[in-house]
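Chain and residue survey
Single-letter residue listing:
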Amino acid sequence: DVKVTQSSRYLVKRTGEKVFLECVQDMDHENMFWYRQDPGLGLRLIYFSYDVKMKEKGDIPEGYSVSREKKERFSLILESASTNQTSMYLCASRPAGSGDNSPLHFGNGTRLTVT
Amino acid sequence: DAKTTQPTSMDCAEGRAANLPCNHSTISGNEYVYWYRQIHSQGPQYIIHGLKNNETNEMASLIITEDRKSSTLILPHATLRDTAVYYCIVRSKIKAAGNKLTFGGGTRVLVKP
């Protein structure tokens, strides 16, 4: 089974702090994604990556950046955390090259609270 | 991506089949129908997907109408562990566009003993 691991289940950070959310997958997937999930808004795509050192903006990239130095790891960075970034953050991965109908595999999420 | 419409919630009796409807009347020819579910405190879990034909796997069956404007996810023998929010989404086959999955509100399914 594909395993997508997010380093923290719960995080509490202060406004203005730099925050790193880490995600690791063990199935050699090329594509990795960061979403945030908020009540009433569903899942919204922040950033995704097709390969090492590649990144693409999703629908709501403002206030975030990402890093993909190794294939298995995709980091989401909040340069200066704000209270409106309090949310559930979900990482996902999927393979490339097996057709574009391959499903996403999600981690269990990191619930970030910014105070 | 085409918008989907699902009932907000539904109850189901344990051991009975659960039929979850989804309307996607604006679906285009290059869009798949996907179903995911999210159990409390976990990330979404892939269930099944299809393009035109009905599909079945170990978790569920997917029935897509001939005009593709709606579909039904069938859990053949619901268990208490199937209690979750079920999301129906449509996703483009086009590589770049297909990454921008949009999850709506989903259907909150409660399986009762």
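Described in the following lines is the structure provided in the data block. This one's a predicted model, so the numbers in the text were calculated from it and none came from an experiment.

The next point concerns the overall build of chain B. When helices and strands are counted, chain B shows one helix and nine strands. Order of helices (α) and strands (β) in chain B, N terminus to C terminus: β-β-β-β-β-β-β-β-α-β. The globule rule puts the C-alpha radius of gyration for 113 residues at 13 Å, and the 13 Å found for chain B is close to it. By its C-alpha atoms, chain B is 40 × 30 × 25 Å across when sized along the principal axes. Each of the 113 residues in chain B was classed as buried or not, and the buried ones make up 44%. A total accessible area of about 5700 Å² is found for chain B, and carbon and sulfur atoms account for 50% of it. The averaged location of the 9 negative side-chain charges in chain B is 6 Å from the averaged location of its 13 positive side-chain charges.

On to the interface of chain A and chain B. Contacts between the two partners involve 22 residues from chain A, matched on the other side by 21 residues from chain B. Both sides of the chain A and chain B interface together cover about 1800 Å² of buried area, and 48% of this is carbon and sulfur. Summed over the shared surface of chain A and chain B, the result is zero salt bridges. Run the count over chain A and chain B and you get five residue pairs in polar contact (both at pLDDT 80 or more). Those elements that place two or more of their residues in the side of chain A that touches chain B are β4 (31-38), β5 (42-49) and β9 (87-94) of chain A. A total of four residues in the side of chain A that touches chain B trace back to one element, the largest contributor, which is β5 of chain A. Counted by class, the side of chain A that touches chain B contains eleven nonpolar, six polar and five charged residues.

Let us look at the sheet that holds strand β5 (residues 55-56) of chain B. All names here are of chain B. Taken in spatial order, the four strands of this open sheet run β2-β7-β6-β5, and their pairing is antiparallel. The sheet is open, and its two borders are formed by β2 (18-23) and β5, each paired with just one other strand. Pairing of β2 with strand β7 (residues 70-75) involves six bridges; the strand directions are antiparallel. Directly across from Leu20, in β7, lies its bridge partner Leu73.

Residue Asp28 of chain A is not a glycine yet carries a positive backbone phi of 60°. Looking at the element boundaries, Asp28 of chain A is found in the loop between β3 (19-25) and β4. Looking at Asp28 of chain A, the relative accessible area reads 52%, which means it is exposed. With a phi close to 65°, Arg68 of chain B is a non-glycine residue in the positive phi region. The topology assignment puts Arg68 of chain B in the loop between β6 (61-64) and β7.

So, about the state of the cysteines. Within this structure, the stated rule accounts for two disulfides over all chains. Through a disulfide, Cys23 of chain A is tied to Cys91 of chain A; the S-S separation comes to 1.9 Å. Residues Cys23 of chain A and Cys91 of chain A are joined through a disulfide that is left-handed, its torsion about the S-S bond being -75°. With Cys23 of chain A in strand β3 and Cys91 of chain A in strand β9, this residue pair connects regions lying 68 residues apart in the sequence. Summarising the burial analysis for this pair, Cys23 of chain A and Cys91 of chain A share the class buried. Not engaged in a disulfide, the cysteine Cys12 of chain B finds its nearest cysteine sulfur in Cys22 of chain B; these two sulfurs lie 18 Å apart.

A few words now on the sheet that holds strand β4 (residues 45-50) of chain B. Residue and element names in this part refer to chain B. The strand order across the open sheet formed by five strands is β1-β9-β8-β3-β4, and the pairing between neighbours is mixed. Each edge of the sheet is formed by a strand with only one pairing partner; in this case those strands are β1 (9-13) and β4. Adjacent strand axes in the sheet meet at a mean angle of 25° when their direction is disregarded. Sheet topology note: the strand β3 (residues 31-38)/β4 ladder contains five bridges and is antiparallel. Among the inter-strand pairings, Val33 is bridged to a residue of β4, identified as Gly50.

So, how was this worked out
- Residues numbered from 1 in each chain as written.
- Chains lettered and ligands numbered in written order.
- Predicted model: local features only at pLDDT ≥ 70, side-chain atom pairs only at ≥ 80, totals over all residues.
- Heavy atoms only, no water.
- Helix = DSSP H or I, 4+ residues; strand = E, 2+ residues; numbered from the N terminus.
- Rg over C-alpha atoms; globule rule 2.2 N^0.38 Å.
- Buried < 20%, exposed > 50% of the residue type's maximum accessible area, 1.4 Å probe, protein only.
- Areas by Shrake-Rupley, 256 points an atom, 1.4 Å probe, with all protein chains shown as cover.
- Lys, Arg positive; Asp, Glu negative; His and termini not counted.
- Charge placed at Lys NZ, Arg CZ, Asp CG, Glu CD.
- Contact = heavy atoms within 4.5 Å.
- Buried area = accessible area lost by both parts, 1.4 Å probe.
- Salt bridge = Lys/Arg side-chain N within 4 Å of Asp/Glu carboxyl O.
- Polar contact = N/O pair within 3.5 Å; in protein donor to acceptor, adjacent residues only side chain to side chain.
- Nonpolar A, V, L, I, M, F, W, Y, C, P; charged D, E, K, R; others polar.
- Pairing = 2+ DSSP bridges.
- Disulfide = S-S within 2.5 Å.
- Axes fitted to C-alpha atoms, helices over the stretch in contact; angles between N-to-C directions.

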